[in-house]
Amino acid sequence: MEISPSFWILFIVFVFIMLFLDLFVFHKKDTIVKVKEALLWSAFWIALALIFNLGVYYFIDHTKAIEFFTAYILEKSLSVDNLFVFIMIFSFFKIKPKYQHKILFWGIFGALIMRAIFIFAGIALIQQFAWIMYVFGAFLIYTGIHMLFEKEDEAEFDPNKNVVIKLFKKIMPVTNDMSVPHFFVKKNKIIYATPFFIALLMIEVSDVIFAVDSIPAVLSVSDDVFIVFTSNIFAILGLRSLYFALSGVIEFFQYLKYALAGILSFIGIKMCVNELAKDFNYDFHISNYVSLSIIVLSLTLSIVLSILFKKKE
C-alpha cells in the first residue's frame, strides 16, 4: 500500500508538537528528573508508539504493523547501549543531573535529523544496489562479534581525544567555565563554547556511530521508508526519559551487551540469508515473526540473568 503524503505530514507535525511540549511545557525548568517520573514518561512514549502501531494495523496493513513493532523493539533495544555512553559523557564533563535533560533534548533533536538522512540514504542504496544487503549483513555480524569480546574501560574514556572534538577546538575556543549552564558564553568580545556544548557534540557523535549499526539492522526488517522512519523516531523520542529511568535500574542491564551482540549477529545473518533466498529463489526465509521472537527472548534472558546474578552477589 502506498503511504499517503498526509500520513507523512501528520506524523512530522506530531513530532514537532511533542518536542515543543517536552522542552517548553513539561520540562521548561532545569530540574532533576527522578526515576519514578522517568519511568512514567518512558511508559507514556511506549504507549504512544503502540497506539501508532495500532493505527498502522487498521489504516495501512497488518504486515506493516508487524514490521513497525519489530523495528521499534529492535531500535529501542539497541538504543539502550547508547545510553551507557551518555552516562559516561555526563560523568566525564561533570554535568549536573538538572542540566542533563536540556543537553539530551538537543542531542535527540540532532539525532532525529541525522537518522532521517541515514534512513533515506540507506534505502536509496538498497534500491540502487541490492548487493549492499550482503555488506550490511556482514558488517552487523562483525559488529556483534566485536561487541561480544570488546572490553569497556570507563577510566580510558576521554572525549578530548575524539577527532571531531579536536577539530572543533581548532575552529572555536573552548572554556572550562561551567558557572552558567549555556552552550556558549561571551568573554572579552570572544565567543567560547562551554563543556555543555562539547558534551552535546559528543552525544551527536556517539549517535552517528550507533546509527551505523542500527539503521542497517532496521532495514533488515522493512524497506518501507515510512515504517523504518517512524519506528526509529518513536524509539528516539523516548530516549531522554529512558536515560533517567536507566540510571535507577542500571544493575538489571549488566548482561545487555551479550544480548545486543547476539541480536546484531542474528540480524546480519538474516539479511544475508534472505538476500540469498531472493537471488537464488530459495524457499527458506527468516520472517519478522522469528526476528521479533529472538529479539524479545534475548533481551528478556539478559535482564533475568542480570537480576539472578545481582541477587547472588
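Above this text you will find the structure in question.
As the structure is a computational prediction, the values presented were derived from the model and not from experiment.

Calculation criteria
- Residues numbered from 1 in each chain as written.
- Predicted model: local features only at pLDDT ≥ 70, side-chain atom pairs only at ≥ 80, totals over all residues.
- Heavy atoms only, no water.
- Helix = DSSP H or I, 4+ residues; strand = E, 2+ residues; numbered from the N terminus.
- Buried < 20%, exposed > 50% of the residue type's maximum accessible area, 1.4 Å probe, protein only.
- Contact = heavy atoms within 4.5 Å.
- Areas by Shrake-Rupley, 256 points an atom, 1.4 Å probe, with all protein chains shown as cover.
- Core = buried A, V, L, I, M, F, W, Y, C linked by side-chain atoms within 4.5 Å.
- Axes fitted to C-alpha atoms, helices over the stretch in contact; angles between N-to-C directions.
- Parallel < 35°, antiparallel > 145°, perpendicular 65-115°, else oblique.
- Left-handed = near helix turned anticlockwise from the far one by under 90°.
- Pairing = 2+ DSSP bridges.
- Phe/Tyr/Trp six-rings, centres within 6.5 Å; stacked < 30°, edge-to-face > 60°.
- Expected span 1.5 Å × (residues − 1).
- Polar contact = N/O pair within 3.5 Å; in protein donor to acceptor, adjacent residues only side chain to side chain.
- Patch = residues over 30% accessible without salt bridge, like charges linked within 9 Å, V, L, I, M, F, W, Y side chains within 5 Å.
- Salt bridge = Lys/Arg side-chain N within 4 Å of Asp/Glu carboxyl O.
- Lys, Arg positive; Asp, Glu negative; His and termini not counted.

Draft legend 1. Expanded view of the overall build of the protein. Within the protein, the secondary structure is distributed over 11 helices and 2 strands. Along the chain direction, N to C, the helices and strands of the protein fall in the order α-α-α-α-α-α-β-β-α-α-α-α-α. Put simply, the protein has 313 residues, and 48% of those count as buried. Counting contacts in the protein only where the partners sit at least 6 residues apart, residues at least 24 apart contribute 80% of the total. Only carbon and sulfur atoms are counted for the fraction: they give 69% of the accessible area of the protein, which is about 16,600 Å².

Draft legend 2. Fine view of the nonpolar core. Grouped together as the largest cluster of nonpolar side chains are 91 residues, with contacts concentrated most on Leu74, Ile95, Ile103, Leu112, Phe234 and Ile267. In this view, Leu74 contacts Ala217, Val218, Val221, Ile263, Ile267 and Ile295; residues no more than four positions away in its chain are not counted.

Draft legend 3. Seen up close, unusual backbone geometry. Its identity as a non-glycine residue notwithstanding, Lys94 has a phi of 55 degrees, on the positive side. One can find Lys94 in the loop between α3 (62-93) and α4 (97-128). On the accessibility criterion, Lys94 (65% relative accessible area) is exposed. Even without a glycine there, the phi angle at Asn188 is positive, about 50 degrees. Examined against the element boundaries, Asn188 turns out to sit in the loop between β1 (184-187) and β2 (190-193).

Draft legend 4. Up close: the packing of helix α5 (residues 132-149) against helix α7 (residues 195-219). Contact geometry for α5 and α7: axes closest at 10 Å, N-to-C directions at 125 degrees. If you check the angle between α5 and α7, you find them oblique. When the axes of α5 and α7 are compared, the crossing they make is left-handed. Facing Met133, Phe136, Phe139, Leu140 and Thr143 of α5, the residues of α7 in contact are Val212, Asp213, Pro216, Ala217 and Leu219.

Draft legend 5. Just the pairing of β2, in detail. Pairing of β1 with β2, which is carried by 4 bridges, proceeds in the antiparallel orientation. Of the residues in β2, the one forming a bridge with Phe184 is Ala193.

Draft legend 6. The arrangement of the packing of aromatic side chains in detail. According to the stated counting rule, one finds 23 aromatic pairs in the structure shown. Taken together, the aromatic side chains of Trp8, Phe11, Phe14, Phe52, Phe68, Tyr72, Phe120, Phe226, Phe229 and Phe234 make up a single cluster linked through ring pairs.

Draft legend 7. Inspection of the environment of Tyr243 at higher detail. Among the secondary structure elements, Tyr243 is positioned in helix α9 (residues 239-246). When the C-alpha positions of Tyr243 and Phe86 are compared, they lie 8.1 Å apart, and in sequence the two are 157 residues distant. Non-local contacts of Tyr243, meaning those with residues more than four positions away in its chain, are made with Leu83, Phe86, Ile87, Phe90, Gln100 and Leu104.

Draft legend 8. Spatial organisation of helix α8 (residues 225-237). For α8, spanning 13 residues, the distance from its first C-alpha to its last is 18 Å, which sits close to the expected 18 Å at 1.5 Å a residue. With respect to burial, α8 is a largely interior element, 12 of its 13 residues being buried. Along α8, the positions that sit buried rather than exposed are Phe226, Ile227, Val228, Phe229, Thr230, Ser231, Asn232, Ile233, Phe234, Ala235, Ile236 and Leu237. Backbone nitrogen of Phe226 and a side-chain oxygen of the N-cap are separated by 2.9 Å at the start of α8; the cap is Asp224.

Draft legend 9. Seen up close, a nonpolar patch on the surface. On the surface, Leu301, Val304, Leu305, Leu308 and Phe309 cluster together into a nonpolar patch covering about 420 Å² of accessible area. With respect to the helices and strands, the residue Val304 is situated in helix α11 (residues 288-312). Val304 gets classed as partly exposed once you look at its relative accessible area, which sits at 38%.

Draft legend 10. A look at the pattern of salt bridges. Inspection of the entire model under this criterion finds 3 salt bridges. Here Asp224 makes a salt bridge to Lys64, at a shortest N to O gap of 3.1 Å. Here the residue Asp224 occupies a position in the loop between α7 and α8, and Lys64 occupies one in helix α3, the gap between them amounting to 160 residues. Note on Asp224: relative accessible area 12%, which makes it buried. A salt bridge links Arg115 to Glu75, with the nearest nitrogen and oxygen atoms 2.6 Å apart. Of this pair, Arg115 sits in helix α4 while Glu75 sits in helix α3, and the two are 40 residues apart along the sequence. With respect to class, Arg115 is no different from Glu75; both count as buried.

Draft legend 11. Summary view of the side chain of Lys76. With respect to the secondary-structure elements, Lys76 resides in helix α3. Summary of buried charges: Lys76 has no salt-bridge partner, and the nearest side chain of opposite charge, Glu75, is 9.2 Å away. Polar side-chain contacts of Lys76 include one of 3.4 Å to the backbone oxygen of Ala235.

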